[in-house]
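As a plain string of letters, each chain reads:
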There are 4 protein chains.
Amino acid sequence: MSGSTFGVLFRVTNFGESHGPAVGCVIDGCPPGMALAEADIQPELDRRRPGTSRHVTQRNEPDAVEIVSGVYEGLTTGTPICLLIRNQDARSKDYANLLDTFRPGHADYAYWRKYGVRDPRGGGRSSARLTAPMVAAGAVARKWLRERHGTTFTGWMSALGEIEIPFEGTEHIAHNPFFAANASLIERLEAHMDTLRRAGDSCGARIEVQARQVPAGLGEPLFDKLDADIAYAMMGINAVKAVEIGSGFGAVRERGSEHGDELTPAGFASNHAGGTLGGISTGQDLVVRIAVKPTSSIRLPRRSIDRAGRATVVQTLGRHDPCVGIRATPVAEAMLALVVMDHALRHRAQCGDVALPLPPIPGAAPGT
Amino acid sequence: MSGSTFGVLFRVTNFGESHGPAVGCVIDGCPPGMALAEADIQPELDRRRPGTSRHVTQRNEPDAVEIVSGVYEGLTTGTPICLLIRNQDARSKDYANLLDTFRPGHADYAYWRKYGVRDPRGGGRSSARLTAPMVAAGAVARKWLRERHGTTFTGWMSALGEIEIPFEGTEHIAHNPFFAANASLIERLEAHMDTLRRAGDSCGARIEVQARQVPAGLGEPLFDKLDADIAYAMMGINAVKAVEIGSGFGAVRERGSEHGDELTPAGFASNHAGGTLGGISTGQDLVVRIAVKPTSSIRLPRRSIDRAGRATVVQTLGRHDPCVGIRATPVAEAMLALVVMDHALRHRAQCGDVALPLPPIPGAAPGT
Amino acid sequence: MSGSTFGVLFRVTNFGESHGPAVGCVIDGCPPGMALAEADIQPELDRRRPGTSRHVTQRNEPDAVEIVSGVYEGLTTGTPICLLIRNQDARSKDYANLLDTFRPGHADYAYWRKYGVRDPRGGGRSSARLTAPMVAAGAVARKWLRERHGTTFTGWMSALGEIEIPFEGTEHIAHNPFFAANASLIERLEAHMDTLRRAGDSCGARIEVQARQVPAGLGEPLFDKLDADIAYAMMGINAVKAVEIGSGFGAVRERGSEHGDELTPAGFASNHAGGTLGGISTGQDLVVRIAVKPTSSIRLPRRSIDRAGRATVVQTLGRHDPCVGIRATPVAEAMLALVVMDHALRHRAQCGDVALPLPPIPGAAPGT
Amino acid sequence: MSGSTFGVLFRVTNFGESHGPAVGCVIDGCPPGMALAEADIQPELDRRRPGTSRHVTQRNEPDAVEIVSGVYEGLTTGTPICLLIRNQDARSKDYANLLDTFRPGHADYAYWRKYGVRDPRGGGRSSARLTAPMVAAGAVARKWLRERHGTTFTGWMSALGEIEIPFEGTEHIAHNPFFAANASLIERLEAHMDTLRRAGDSCGARIEVQARQVPAGLGEPLFDKLDADIAYAMMGINAVKAVEIGSGFGAVRERGSEHGDELTPAGFASNHAGGTLGGISTGQDLVVRIAVKPTSSIRLPRRSIDRAGRATVVQTLGRHDPCVGIRATPVAEAMLALVVMDHALRHRAQCGDVALPLPPIPGAAPGT
């Protein structure tokens, strides 16, 4: 299989290409009886939609979602929910020159080696545009989790290239084009992006995403740990090169006496674990950080080869995000929600009868 | 399901507990006709076996593997290969006190919340002992990949707690108890571990693992990318908190003009990608780094609660690795091999007929 | 999950409802580089399309298929192929009265018990209309199997209610509205259906489907036997109540000395096995028979209950097939093709390197 | 994969060969907290054990089961349950002559074509001995279903070769070597088998299996219908060639006005459906019938070929069941239980919150 289905019980099958007639997904396994309409999904799509600032690709896509199946009279029926998003602003001619050569750092070469054929228009299947259906599917998962468990998901950019972005507060995220949880640094980020764009280059970014009110007990030890599936989901986002949970790489330098989060009747005393122990959620906040590499499609000339193996030089035309990480925040939130949703269903399948005398103890804030 | 099966086509189902009669696995989907005997598997098990130095748990397990099925007259038959490893040196009484309390940083609490019941002896199912069957399964995958594609896997420790371990050469790895690719730092590492052990504390570690001669074209874009499945596999190893591929978190600060590996007729000019583009292998070396958290079972007293929610103090008896990362190297190699093996089979299922005019170009060494 | 994905490596995810905006499917795992256009799929859809004779539902649907993704410049790219079929002639008001009651023999009651909500329009998700996407997906599988292995699939009706339809020749199948491999009995079948329709009743049918030139070695013993997956596929077709392979129930009365097909240098001497031994294809023709129950939506009044559990009487309005079995033949062919396709890919994944001195011996015709 | 895992959420991975050191399985996904001991499993294994009468193979196997993992202090922990059954009475020399030739009607030829190698001892992987682990796994599923839902499973032989065995009552099943629900016909069945055995031939059988108190709402429409998964499970049993549910092939001749089971406030008026509508359980009894072909290993000489394709004659030595159907009854019960168990968990995963005003109406007895 070409692996286009995500999840075990809340299954999202993704389809489409950047410049095909449409992108979309089929959600299989959604619980029945939940109120659902396009209006529940569109706001999330609008957050990751291109063309919303001068710092992202200028491709103009409304990303309007159509619910094709699985909903009757405003309620999910438990049958597959097909979500369709038509492509409207494709300029395929910009990519004619790419059929024969491979952009350094891009999937061009790998796709060609794997399939022998590829759709070069806008990156075809490898385009970040394919994250749109996941954001749509994530919106469905987020609605169910919020209504059923009170779970919420929040992400922000914590670094843009060399610029570290201190966390000031989640209230700032919606008021700048970078999803920064910061109000004081925006001008500097804007200037950085303008310089970069003029130079025809690109940069990376680091995104942090957290989940609150995650039910305790989610995750399957060996091998479908909650954090293992989170790592899989995050690394599956275009351009992501690293994933860490809780202390992450910082845990290398921590002592056991420091890293292990103490438990008290009042709750966990800290959250170095980032919300999971032994691959299972504890009720603490999930804390995930990812690294997004710089966009490979840049205007600067790079050495490459053509399909005959001859040396050539590539310069990418077309419209691209100078920092693909900017739009990655709502995508990371959606993927995290899809993992939690899937495990919420998996957990009640096996452990639906488990009754404990003690309710979960409160989780500690990540900072502590 | 409780998620104990790893892989899609080369499927490893893991079973057992730390102090049960045995641990083991069933490998389903191994190609038929490959010569296989216990002697092909035992050397890998011996590398991760406990009791090999004073710096790891002193539990004495021969970890002798028995091939229970799937092999006839020395050849794999294509039917399930059951590998059984008997537990021999369990001291369950050491854990009696743990049934009622939860070690900070340990899976105790999470398992109890999920299942309502748990086997506390030696960590039960959450013990690192369950990595033994994966190392055994990995040995089978490594043999097939080496014979069929010439692929090899090598890992080493690159940091022990605060101590960075410079890479000097893979020839050193087998000659120190830390799997360090370094000869000059061993005494310092030994001293560090002795101090730590006396203090009753533990520390983390960073492991790097690489694969050479990986066929190009492995990996399924959206969602089963080769790197996504690698992240899933690595984060599934006990105590791992972070995974990065190629530049990893370093990619945040890189420019596109720096990160994108140029292609030349002589091969890739560098390897910031760490072997994959768009989730598909390029023929470059796979480069993976993981963070292993400090062991949660330490002698120092920690605050915790009991099953009634009352405050208590936990001190862990029993035998434990003061740095569980020390034995993680052969495990990480095995998990990486299992991912590559699974995708090698998946790739030829779908793309077995793809024929290209140009052979894969050589990969660059990770360093470059 | 709600189980809407069919297959392991050639995966078809089905979506839609009878009266929703569209029905369709996503094919994941199709080998790349195969020429594919709507024209390759439409003829199969036209064979099962409603309204083609007075003996089937008069709902008028062109069933025009749109390839939404996975094909570039006329070639499959190896990425998901989304096939969309818009619904055009829905008359939902005919079903208003069904929201509150349950048709005897229909899925109404079961869906309500499972989901609590249901889409009653035209049977919603339980409508035979959902077989259209499978016929479309089957056409893709048939094209690949024909071009790669020369495999072909042919089905016909062997009984309509009490009327047995002797096999005269496959050349007759396309020239009557019943897919009968018979030319002499058509008038009687027409008369039977006219009587039935006037009476407001319905009848069952038996369909036989065969595959020729099936590669030897397909099927996974325990549990995904080729015949087990065929039984699963056939029983998954609406209204099917029984499946048999080869001698089927006739094998109960056969002796071992009669049933076991002898092998000779010239090939198999007979085909009681129906093409599989031990769950694996032998190269003989696959021979499958299914029973299709009578349509449950009939005009005759039947006793039932309403959602409050009160006694009521149901009479079905709307347009229905008086014998749903009539249009089942192309569906059964498609489902058989999907099973063989999936196993062809699965087989080469594991056994792609198997080389035998002896080519498969010829299979015997089913009759023998 | 070689398909050795059965089920989606209650997953049974089967391993072993007829003459290897052991056969067994790993059950993954069993709900935690259920009391379980070998004594809960052994009685079911004893029912299908060989050597219990002169009418089955005289191989003497105690089939003693060992619980290797997943149970702690008498309770399931929710982690994988490995069940091991050692082989003790293998006489492999009897099969030396089979490595070079193929028994007509046996898996010998198909295995060789698929894998190129095979274990000929006692049929290796294709032996009916591999049903023992399924009976063991089925016992675990039956215990949970009985305790949680009151569901029970009962099977019997309804035909032995040409001899139809009228149903007289389930109380007779345990008191004859044929699992016949009949007391008056046993002598005739014994005589039939004695004649057959002397002749060195074999015969087929028909088995009926039913489930009572099956929760309503189990099964996933398109494609994992409850009846589709039942067909898959039954056709996956060695030597099974046909499966029918409810009216089965009889439905071909039924009218809609006869087949559709009417609903009344007192319950269903009949059970032609056999317990499912639209692939979902209704609360009626599940009614399944299967055809078991005659044993292919017979003493009578048959024509065959050797591995070089040369004509030869095969006579099977070794010990075999002259009617493999005799021991198929407990196997069919177990497989049906495994399907219901898996769907019980799947159902509550997706529909665990569905609440209906009306409790399920009573099911009708199959006879009615």
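Residues numbered from 1 in each chain as written. Chains lettered and ligands numbered in written order. Predicted model: local features only at pLDDT ≥ 70, side-chain atom pairs only at ≥ 80, totals over all residues. Heavy atoms only, no water.

**Q** What should I look at first to understand the overall build of chain A in this one?
**A** On a plain count of helices and strands, chain A comes out with 7 helices and 18 strands. Summarising its shape, the C-alpha atoms of chain A cover approximately 70 × 50 × 40 Å along the three principal directions. Looking at chain A as a whole, 72% of its 368 residues are labelled buried. A total of about 10,300 Å² of accessible surface is found on chain A, and carbon and sulfur atoms cover 52% of it. Placing the 40 positive and 40 negative side-chain charges of chain A at their respective mean positions leaves the two points 8 Å apart. (Helix = DSSP H or I, 4+ residues; strand = E, 2+ residues; numbered from the N terminus. Buried < 20%, exposed > 50% of the residue type's maximum accessible area, 1.4 Å probe, protein only. Areas by Shrake-Rupley, 256 points an atom, 1.4 Å probe, with all protein chains shown as cover. Lys, Arg positive; Asp, Glu negative; His and termini not counted. Charge placed at Lys NZ, Arg CZ, Asp CG, Glu CD.)

**Q** Just to check I follow, could you spell out the sheet that holds strand 2 (residues 11-16) of chain A for this structure?
**A** Working definition: the strands of a sheet are paired by backbone hydrogen bonds and lie parallel or antiparallel to each other. Residues and elements named next belong to chain A. Here 5 strands make up an open sheet; going across it, the order is 1-2-3-7-4 and the pairing antiparallel. In the strand order of this sheet, the two ends are held by strand 1 (5-6) and strand 4 (65-67), each with one partner. Helix-sheet contacts for helix 1 (residues 38-48) involve strand 4 and strand 7 (81-86), and the interaxial angle to strand 4 is about 155°. (Pairing = 2+ DSSP bridges. Contact = heavy atoms within 4.5 Å. Axes fitted to C-alpha atoms, helices over the stretch in contact; angles between N-to-C directions.)

**Q** Is there a simple way to think about the sheet that holds strand 9 (residues 163-164) of chain D in this case?
**A** Within the open sheet, the 10 strands sit side by side as 9(C)-8(C)-10(C)-16(C)-11(C)-11(D)-16(D)-10(D)-8(D)-9(D). Their pairing is antiparallel. Unpaired on one side and paired on the other, strand 9 (163-164) of chain C together with strand 9 of chain D mark the two borders of the sheet. Direction of pairing for strand 11 (residues 240-245) of chain C relative to strand 11 (residues 240-245) of chain D: antiparallel, over a ladder of 3 bridges. The partner of A242(C) across the bridge, within strand 11 of chain D, is E244(D). Across the sheet, helix 5 (residues 226-235) of chain C touches strand 10 (205-212), strand 11 and strand 16 (286-292) of chain C together with strand 11 of chain D, and the angle it forms with strand 11 of chain C is around 155°.

**Q** I tried to follow the relation of the copies chain B and chain A on my own but got confused; where do I start?
**A** The two chain copies are connected by a rotation around an axis plus a translation along it. Rotating chain B by 180° about the axis while translating it 0.0 Å along that axis superimposes it on chain A, leaving an RMSD of 0.0 Å. Look at the turn and shift together and you get a two-fold axis relating the two. In terms of proximity to the rotation axis, the leading residue of chain B is Y232(B), whose C-alpha is 2.3 Å off the axis. Looking at the interface residues of chain B, 100% of them are also at the interface in chain A, so both copies use one shared face. (Least-squares fit on C-alpha atoms with pLDDT ≥ 70 in both.)

**Q** Where do I start with the relation of the copies chain D and chain A in this structure?
**A** After a rotation of 180° and a shift along the axis of 0.0 Å, chain D superposes on chain A with an RMSD of 0.0 Å. Looking at the interface residues of chain D, 100% of them are also at the interface in chain A, so both copies use one shared face.

**Q** Quick question: what am I supposed to make of the interface of chain D and chain A here?
**A** Think of interface size as the accessible area that goes away when the parts come together; that is how it is often given. Counting residues at the interface gives 16 residues for chain D, matched by 16 residues for chain A. Of the roughly 1,200 Å² buried where chain D meets chain A, counting both sides, 48% is carbon and sulfur surface. Counting the contacts that link chain D with chain A gives 4 salt bridges. We note a salt bridge from D353(A) to R348(D), for which the minimum N-O separation is 2.9 Å. Joining chain D to chain A, the criterion identifies 13 residue pairs in polar contact (both at pLDDT 80 or more). At the level of secondary structure, the elements contributing two or more residues to the side of chain D that touches chain A comprise helix 3 (132-149) and helix 7 (328-351) of chain D. Residue classes in the side of chain D that touches chain A are distributed as 9 nonpolar, 4 polar and 3 charged. (Buried area = accessible area lost by both parts, 1.4 Å probe. Salt bridge = Lys/Arg side-chain N within 4 Å of Asp/Glu carboxyl O. Polar contact = N/O pair within 3.5 Å; in protein donor to acceptor, adjacent residues only side chain to side chain. Nonpolar A, V, L, I, M, F, W, Y, C, P; charged D, E, K, R; others polar.)

**Q** How do you make sense of the interface of chain B and chain A when you look at a structure like this?
**A** Taken together, the contact between chain B and chain A spans 116 residues of the former and 116 residues of the latter. Surface buried jointly by chain B and chain A totals about 9,500 Å² across both partners, of which 62% is contributed by carbon and sulfur atoms. On the chain B side of the contact with chain A, K114(B), F223(B) and K241(B) bury the most area, a combined 9% of that side's loss. Between chain B and chain A we count 10 salt bridges in total. Among the ionic pairs, E262(A) bridges to R302(B), the shortest N-O distance being 3.5 Å. Linking chain B to chain A there are 46 residue pairs in polar contact (both at pLDDT 80 or more). At 7 residues, the largest contribution of residues to the side of chain B that touches chain A is made by helix 2 (residues 108-115) of chain B. Partitioned by chemical class, the residues of the side of chain B that touches chain A number 58 nonpolar, 31 polar and 27 charged.

**Q** Would you explain the nonpolar core in this entry?
**A** Buried together is how nonpolar side chains tend to be arranged in soluble globular proteins. By size, the foremost hydrophobic cluster in this structure holds 337 residues, and its most contacted members are M234(A), M234(B), M234(C) and M234(D). Those residues in contact with M234(D) that sit more than four places away from it in its chain are V209(D), V240(D), V243(D), V288(D), I290(D), A332(D), M335(D) and L336(D). (Core = buried A, V, L, I, M, F, W, Y, C linked by side-chain atoms within 4.5 Å.)

**Q** Got a minute to help me understand the packing of helix 7 (residues 328-351) of chain B against helix 7 (residues 328-351) of chain C in this structure?
**A** When two helices pack together, their arrangement is given by the angle between the helix axes and the distance between those axes. Here helix 7 of chain B crosses helix 7 of chain C at 135°, and the two axes come no closer than 8 Å. For the element pair helix 7 of chain B / helix 7 of chain C, the angle class is oblique. The two elements helix 7 of chain B and helix 7 of chain C cross, and the hand of that crossing is right-handed. Between helix 7 of chain B and helix 7 of chain C, the contacting residues are L345(B), R348(B), A349(B), Q350(B) and C351(B) on the first element and L345(C), R348(C), A349(C), Q350(C) and C351(C) on the second. The class makeup of the residues in the contact of helix 7 of chain B with helix 7 of chain C is 6 nonpolar, 2 polar and 2 charged. (Parallel < 35°, antiparallel > 145°, perpendicular 65-115°, else oblique. Left-handed = near helix turned anticlockwise from the far one by under 90°.)

**Q** What's the story with the pattern of salt bridges in this structure? I'm lost.
**A** Oppositely charged side chains are able to pair whenever their charged atoms sit close together. All names here are of chain A. The full count for this structure, using the stated rule, is 124 salt bridges over all chains. A salt bridge links E44 to R47; the nearest nitrogen and oxygen atoms lie 2.9 Å apart. Placement of the pair is E44 and R47 together in helix 1, with a separation of 3 residues, close to one helical turn. Judged by relative accessible area, E44 falls into the buried class, the value being 15%. E164 is paired through a salt bridge with R206; the nearest N and O atoms lie 2.5 Å apart.

**Q** Is there a simple way to explain the pairing of strand 8 (residues 152-160) of chain D in this structure?
**A** The side chains of a regular strand alternate, residue by residue, between the two faces of the sheet. All names here are of chain D. Burial of strand 8 is extensive: 7 of the 9 residues sit out of reach of the surface. Where strand 8 meets strand 10 (residues 205-212), 8 bridges bridge the pair, whose relative direction is antiparallel. By the bridge assignment for strand 10, F153 is matched with A211. Here strand 8 pairs with strand 9 via 2 bridges, running antiparallel. If you follow A159 over to strand 9, its bridge partner there is E164.

**Q** I'm lost on the side chain of K114(D) in this one. Help?
**A** The topology assignment puts K114(D) in helix 2 (residues 108-115). Of the polar contacts made by the side chain of K114(D), one reaches the backbone oxygen of G219(C); its length is 3.0 Å. Of the polar contacts made by the side chain of K114(D), one reaches the side chain of H347(C); its length is 3.0 Å. With residues up to four places along the chain from it excluded, the contact list for K114(D) reads G217(C), L218(C), G219(C), E220(C), I280(C), H347(C), C351(C) and V354(C).

**Q** Looking at this model, I keep getting lost on unusual backbone geometry. Mind explaining?
**A** A negative phi angle is the norm for most residues apart from glycine, just as the trans form is the norm for most peptide bonds. Residue F223(A) is bonded to the preceding L222(A) through a cis peptide linkage, with omega at 5°. Its location among the elements puts F223(A) in the loop between strand 10 (205-212) and helix 5 (226-235). Within the chain, L222(C) stands out as a residue other than glycine whose phi angle is a positive 50°. Tracing the sequence through the fold places L222(C) in the loop between strand 10 and helix 5. You can call L222(C) buried: its relative accessible area is 4%. For E73(D), which is not glycine, the phi dihedral falls at a positive 50°. Relative to the helices and strands, E73(D) resides in the loop between strand 5 (71-72) and strand 6 (75-76). What makes E73(D) exposed here is its relative accessible area of 63%.

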